[in-house]
Amino acid sequence: MSKPLEGIKIIDFTHVQAGPACTQLLAWFGADVIKVERPGSGDVTRNQLRDIPDADALYFTMLNSNKKSLTLDTKKPEGKEVLEKLIRESDVLVENFGPGALDRMGFSWERLNELNPKMIVASVKGFSDGHHYDDLKVYENVAQCAGGAASTTGFWDGPPTISAAALGDSNTGMHLAIGILTALIGRDKTGKGQKVAVSMQDSVLNLCRVKLRDQQRLERVGYLEEYPQYPHGEFSDVVPRGGNAGGGGQPGWVLKCKGWETDPNAYIYFTIQGHAWEPICKALGKPEWIDDPAYKTAEARQPHIFEIFGTIEAWLADKTKFEAVDILRKFDIPCAPVLTMKELANDPSLRASGTIVEVPHKKRGSYLTVGSPIKFSDMKPEVTASPLLGEHTDEVLAGLGYSRQDIFSLREIKAV
Ligand code: CAO
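Colleague: Explanation requested: the overall build of the protein in the structure shown.
Modeller: Scanning the protein from N- to C-terminus turns up 17 helices and 11 strands. Principal axes of the C-alpha set define a box for the protein whose edges measure 85 × 45 × 40 Å. Among the 416 residues that make up the protein, the fraction classed as buried is 45%. For the protein, the proportion of contacts with a sequence separation of at least 24, taken over those separated by at least 6, is 65%. Surface accessibility of the protein: about 21,000 Å² in total, with carbon and sulfur atoms responsible for 55%. Across the protein, 48 positive and 55 negative side-chain charges occur, with their mean positions spaced 4 Å apart.

Encoded structure:
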């Protein structure tokens, strides 16, 4: 089956997570992604947190599927020459080096644009160009702190908290992918490439936009009625951490189910959607709450919302998280079990949909990864193994017109 991005050639000058997540997505959708890596070592994640000696770490294999690997020392003149050839025939170059690294290598935006005016140059940095922190190197958790996620995540009596979700890394990569696809469509109209830049701070903040909403509401009225601090606690002049409260106007909380004393994940998330109040009362065996003025409206419920959650927990005490959801789904109540990574890895629905996939790998045997979360009616993205370091060097160089002798010479001077 032909894929929409077939024929799009991408130089993947990315490492760690933010950039690789972007190029992996484009590779799933058919782009020819050539990962350029330093000879001998490659992407640092090949070696990070290895679980099998001498085999690429899962951190690498789960972010670099469907790609080719070309080893190239782009600081050596011979390596630069190869890269220039590649640039002249590519559609996109994606990079997420530290600030200034590409310029120091001799490949500024101006130079790249001169080499190939049709090429799109896409970059991830920690902070946007011109920002007062734009010289900083940034990793995931730094971005979560700089983008507003940490100050608004966790419990009010604890420190700012980092989310396990890669809001700074993979999320930024997804933003970049949208930027690249937009620039490709733009190029169809103008014939010109352009620079696409995404910062990790901006991408985190984009996902925290409801907290910026809350900051403005707080400044206007002095309180936030959907937060656990209302009405009994205090508000300062900044958005507080709200624990597990629902952020969208529907009160919710993580509630204990049968077995919570020994199983740290025996919980469900329970949402009290306004129009679901009647079914909730029926499900709980509390029909008298339906018309009780102390319970009837969201406003009336808020002052004693934790007493209500306590009643729901008492109802949940003899039900596992799965049993509870099976009952509540019949009442149209938005809820879900708190799922562990083990449960997700073995979830038959996720296996069937291709969201969790098992990929055969030359050195590792097979490993699990997260496949495309985007589903299409006319295309099924297949996930293939990540490349070994330099696996496609000869193939890529031959495609650029290098002879066997040239390739041998490049190896002699350790340029590839
Ligand atoms: N051949 C020769 N040199 C190469 C090369 C190659 N194929 N590939 C990379 N290099 C060189 C670069 O030229 C650069 O050298 P100089 O610093 O001497 O100019 C160096 O390797 C890479 O530098 P770096 O700053 O990118 O790497 P780092 O490990 O010091 O920092 C990171 C890593 C992620 C903090 C930094 O790259 C960064 O801030 N990136 C932007 C933000 C980002 O994407 N962060 C998310 C990472 S995922 O958590």
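Colleague: Just checking my understanding: could you explain the layout of surface pockets for this structure?
Modeller: A probe as big as a water molecule, rolled over the atoms, marks out the empty space that is left. Space inside the largest pocket adds up to approximately 1,100 Å³. In this structure, the largest pocket is lined by 28 residues; those nearest its centre are Q17, M62, A164, M341 and V370. Listing elements by their share of the lining of the largest pocket, those giving two or more residues are α1 (18-28), α2 (58-61), α7 (170-190), α14 (341-345) and β11 (365-370). Looking at the lining of the largest pocket, the element that brings in the most residues is α1, giving four residues.

Colleague: Got a minute to help me understand the pairing of strand β1 (residues 9-13) in this structure?
Modeller: Regular strands show a simple pattern: their side chains alternate between the two faces of the sheet. By the criterion of burial, β1 is predominantly enclosed, with five of the five residues buried. Of the two faces of β1, the one carrying K9, I11 and F13 and the one carrying I10 and D12 are both buried. Where β1 lies against strand β2 (residues 32-37), four bridges are found, and the strand directions are parallel. If you follow D12 over to β2, its bridge partner there is K35. At this point the chain moves from β1, through α1, to the parallel β2, and the crossover so formed is right-handed. Direction of pairing for β1 relative to strand β4 (residues 92-95): parallel, over a ladder of four bridges. Residue I10 lies in a different strand from β4, and its bridge partner there is V92.

Rules of the game
- Residues numbered from 1 in each chain as written.
- Predicted model: local features only at pLDDT ≥ 70, side-chain atom pairs only at ≥ 80, totals over all residues.
- Heavy atoms only, no water.
- Helix = DSSP H or I, 4+ residues; strand = E, 2+ residues; numbered from the N terminus.
- Buried < 20%, exposed > 50% of the residue type's maximum accessible area, 1.4 Å probe, protein only.
- Contact = heavy atoms within 4.5 Å.
- Areas by Shrake-Rupley, 256 points an atom, 1.4 Å probe, with all protein chains shown as cover.
- Lys, Arg positive; Asp, Glu negative; His and termini not counted.
- Charge placed at Lys NZ, Arg CZ, Asp CG, Glu CD.
- 1 Å grid on protein atoms, 1.4 Å probe; cavity = no way out; pocket = protein on both sides within 12 Å on 5 of 7 lines; lining within 4 Å.
- Points joined across faces, edges and corners; volume = space filled by probe spheres on them.
- Pairing = 2+ DSSP bridges.
- Right-handed = clockwise from strand over helix to strand, strands pointing away.

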